[in-house]
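Overview (structure and organization)
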Amino acid sequence: MMHESGEQQQGGHGSCYDSCYDCRKKCCWFLKKLVVFCFSQIGIVCLVVAYAFLGAAIFETLEEPKEELNRVVVGDLRNKSVKKLWKLNKELFLYEQKNWELAVQEVLLNFQKEIYVAVTEKGWDGRVEDYTGVSDWSFTGALLYSVTVITTIGYGNITPKTTMGRLVTILYAFIGIPLTMICLANVGHVLSISFKLLYRRLICSKKKKESSTASSDSSSKYLVTNQQVIKTETEDSEMVVITEDEGVKETHVPVYVCLLLVIAYILLGTALFSLWESWDPLTAGYFCFITLSTIGFGDVVPGHSLESWASPAKRITCALYLLFGLTLISMCFSLLVDEVQDKTRRFGRWIGLLKREGN
C-alpha cells in the first residue's frame, strides 16, 4: 500500500511538472507571437495608437485637477479685487476723483499681474470656476497633446503645469518619439511602394491607350500584351521594354506628383480649419504648413478662443489630420529619395563617375 501511494505521489508530481512546462511553453509562444506582431507593420501602428491613448489617460489624470483648481484660484482673486474696489469706494467717496482713480488703478494693476501669472505660469485657460464645458485637459485635449508630443510638433498652447506632469512628459517623449518616427518611416515606405504600383499601372494604361491611337505612326511602334508594354524606336534602333515582373523599384514618381499630393492635403486642411475656426484661407493654410512641417510655432492654434474648440470630435479629427499628414509627408520623402538617387546615378554615369548599366 505504501509503495502504491508513493507511485501515485510521483505520478502526481510528474503530471504537475508537465502541466507547468506546457503552460510556460504556451506563454513563451504567446510572447513570441506578440513581439512579432508588435514589430510588424500593423502591430507598430496599433502600438503607436495605443501609446497615444495611454498618454491621454495619464495626462488627463495629472493635469485636469490642476486646471480646475486654477479656475477657483482666479475666481477668488477676482472676488478679492471686487471687495477692495468696494472698500475704496466707501472710504474715498468724499475725496477727489484723482485720488480715487489712482487707488483703483493700483488694485487693477495688482489684479492684472496676478492674472498674468495665472495664465503664463499656472496655465489658467480663461474660463470661470463654474465652467461645465470641455476643458483643455479633457481626454480628447490630452490626446491631442500626446500626439503633438510624440510627433515633435509641440504647439505650446497647452503645457503641463504640475511637476509630475512635466516628468511624465519627458519620459513619454523619450519613448514615444522614436516609436512614432519608426512607425511613420515604415508606413511611409509601405505607402510609397503601393503608390508606385498605382502610378505604374496608370502609366501602363496610358501607354496602352496611346498605342491604340498611334499604331500607324512610322517613327515609333507600341506592342501591348497582358504582361508587358514594348516601345520600339525605329530611328535609333532602341527598344524599351516595361514588364510587370520588373518590380516596383524601377518605377520613379516625379517630384511634381509628390508636391501635388502635399499641396492637395494642405488645401484640404485649409478648407477644414477655415470652416471650423472662421479663419481666412491664408491663416488656415499657414497653420497646416507649420503643422505638417513639424515647426509648430504655436502662434496660430485651433481652439485659441474660449469656445471654438469645445467639440471633442474636432480635437480627434485634428489629431487624425496630423497623423495622416505626417504619414503622407513620410511617403513623399521616400518617393523623393528614390527619385533623387536615380537622378544622381544618371548624372554620375553622364560625367563618367559610374559605369553604364550595359558595361
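Look up: the structure comes first, before these words.
What this report covers is the structure whose coordinates are included nearby. Computed from a prediction, not measured in an experiment: that's the story for all the values here. Numbering of residues starts from 1 in every chain and runs along the sequence as written. Under the rules for a predicted model, residues below a pLDDT of 70 receive no local features and side-chain atom pairs below 80 are neither given nor counted, while totals for whole chains, interfaces and linings still include all residues. Hydrogens and water molecules were not included; the side-chain quantities draw on all heavy atoms of the structure.

1. Things to note about the overall build of the protein
Applicable threshold: Strands here mean DSSP runs of E at least two residues long; helices mean DSSP runs of H or I at least four residues long; both are numbered from the N terminus. Exposure is judged per residue with a 1.4 Å probe applied to protein chains only, and the accessible area is read against the type maximum: over 50% gives exposed, under 20% gives buried, and values in between give partly exposed. Note on definitions: a residue-residue contact is assigned when non-hydrogen atoms from the two residues lie within 4.5 Å. Computed with a 1.4 Å probe, the accessible areas rest on the Shrake-Rupley method; for each residue, only the protein chains presented here act as cover.
The helix and strand tally for the protein stands at eight helices and three strands. Its helices and strands taken in sequence order, the protein reads α-α-α-α-α-β-β-β-α-α-α from the N to the C terminus. Every one of the 359 residues in the protein was classed for burial, and the buried ones make up 33%. Within the protein, residue pairs in contact and separated by at least 24 positions form 67% of the contacts whose partners lie at least 6 positions apart. Per element, the accessible surface of the protein, about 23400 Å² overall, is 65% carbon and sulfur.

2. Concerning the pattern of salt bridges
Where we set the bar: Note on definitions: salt bridges are taken to be side-chain nitrogens of Lys or Arg within 4 Å of carboxyl oxygens of Asp or Glu.
On inspection of all chains with the given rule, the structure shows three salt bridges. Note that Glu67 and Arg71 form a salt bridge whose closest N and O atoms lie 3.4 Å from each other. Highlighted residues: Glu67 and Arg71, both in helix α2 (residues 41-91), separated by four residues, approximately one helical turn. Of the two residues, Glu67 and Arg71, both sit in the buried class. Where Glu339 meets Lys343, a salt bridge forms, and the shortest distance between an N and an O atom there is 3.6 Å. Separated by four residues within a single helix, Glu339 and Lys343 lie in helix α8 (residues 312-351), roughly one turn from each other. Judged by its relative accessible area of 9%, Glu339 is buried. According to the relative accessible area criterion, Lys343 is partly exposed, its value standing at 46%.

3. Things to note about a nonpolar patch on the surface
Definition in use: Patches here: salt-bridge-free residues with over 30% relative accessible area, like charges joined within 9 Å, nonpolar side chains (Val, Leu, Ile, Met, Phe, Trp, Tyr) joined within 5 Å.
A surface patch of nonpolar side chains, amounting to about 610 Å² of accessible area, comprises Phe347, Trp350, Ile351, Leu353 and Leu354. By secondary structure assignment, the location of Leu354 is in the segment after α8. Overall, the relative accessible area of 42% leaves Leu354 in the partly exposed class.

4. Some words on empty space enclosed by the protein
Operational definition: Think of a 1 Å grid over just the protein atoms. A cavity is a set of points where a 1.4 Å probe fits yet cannot get out, a pocket is an open set with protein on both sides within 12 Å along at least five of seven lines, and lining residues have an atom within 4 Å of a point. Grid points are joined across faces, edges and corners, and a volume is the space filled by probe spheres set on the points. Nonpolar residues are Ala, Val, Leu, Ile, Met, Phe, Trp, Tyr, Cys and Pro. Charged residues are Asp, Glu, Lys and Arg, and all others, Gly as well, are polar.
Per the stated rule, a full pass over the model turns up two cavities of 30 Å³ or more. Within this model, the largest cavity holds a volume of roughly 40 Å³. Forming the walls of the largest cavity are Leu144, Tyr145, Thr148, Tyr155, Asn157 and Ile158. For the lining of the largest cavity, the per-class residue count stands at four nonpolar, two polar and no charged. The space that makes up the second largest cavity amounts to roughly 30 Å³. Around the second largest cavity, the lining residues are Tyr155, Tyr286, Phe287, Ile290, Gly298, Asp299 and Val300. Broken down by class, the residue content of the lining of the second largest cavity amounts to five nonpolar, one polar and one charged.

5. Side note on the nonpolar core
So the rule is basically this: Only buried Ala, Val, Leu, Ile, Met, Phe, Trp, Tyr and Cys residues count toward a nonpolar core, and they belong to the same one when joined by side-chain atoms within 4.5 Å.
Of all hydrophobic cores here, the largest spans 50 residues; its most connected members are Phe59, Tyr172, Val253, Phe273, Phe287, Tyr321 and Leu322. Broken down by secondary-structure element, the contributors of at least two residues to this core are α2, α4 (139-150), α5 (163-213), α6 (255-277), α7 (281-292) and α8. Ranked by residues supplied to this core, first place goes to α8 with 10 residues. Not counting chain neighbours up to four residues away, the residues in contact with Phe287 comprise Tyr155, Phe273, Trp279, Val300, Val301 and Pro302.

6. Brief notes about the packing of α7 against α8
The condition is simple: Angles run from 0 to 180 degrees between N-to-C directions of axes, and those axes are lines fitted to C-alpha atoms, restricted for helices to the stretch in contact. Should the near helix be turned anticlockwise from the far one by less than a right angle, the crossing is termed left-handed; should it be turned clockwise, right-handed.
Axis separation between α7 and α8 bottoms out at 10 Å; the angle between their running directions is 65°. Crossing geometry of α7 relative to α8 is assigned as right-handed. Where α7 approaches α8, its residues Cys288, Thr291 and Leu292 are matched on the opposing element by Tyr321, Leu322, Gly325, Leu326 and Ile329.

7. Here's the deal with the packing of α6 against α8
Definition in use: Every angle not falling under 35 degrees, over 145, or within 65 to 115 is termed oblique; those three ranges are roughly parallel, roughly antiparallel and roughly perpendicular.
Where α6 meets α8, the axes come as close as 9 Å, and the angle between the chain directions of the two elements is 170°. Taken together, the axis directions place α6 and α8 in an arrangement best described as roughly antiparallel. The residue makeup of the contact of α6 with α8, split by class, is 19 nonpolar, three polar and two charged.

8. Thoughts on the environment of Glu114
Along the polypeptide, Glu114 turns up in helix α3 (residues 97-120). A relative accessible area of 34% places Glu114 in the partly exposed class. Taking the C-alpha atoms as reference points, Glu114 and Val74, 40 residues apart in sequence, are found 8.4 Å from one another.

9. Some words on the packing of aromatic side chains
Rules: Note on aromatic contacts: the rings of Phe and Tyr and the six-membered ring of Trp form a pair at centre separations within 6.5 Å, being stacked when their planes are under 30 degrees apart, edge-to-face when over 60 apart, and tilted otherwise.
Under the criterion given, the structure shown has 13 aromatic pairs. A ring pair is formed by Tyr51 and Tyr172, whose centres lie 4.4 Å apart and whose planes are at 5°; its orientation type is stacked. Linking Tyr51 in helix α2 with Tyr172 in helix α5, this pair joins segments that are 121 residues apart in sequence. Judged by its relative accessible area of 5%, Tyr172 is buried. Each ring, one from Phe273 and one from Phe287, has its centre 4.9 Å from the other, and the planes form 80°; the classification is edge-to-face. Taken together, the residues span a long stretch of sequence, with Phe273 in helix α6 and Phe287 in helix α7 at a distance of 14 residues. You can call Phe273 buried: its relative accessible area is 0%. Ring pairing ties together the aromatic residues Tyr155, Tyr265, Phe273, Trp276, Trp279, Phe287 and Tyr321, which thus form one cluster.

The values are spatial; any link to function lies outside them.
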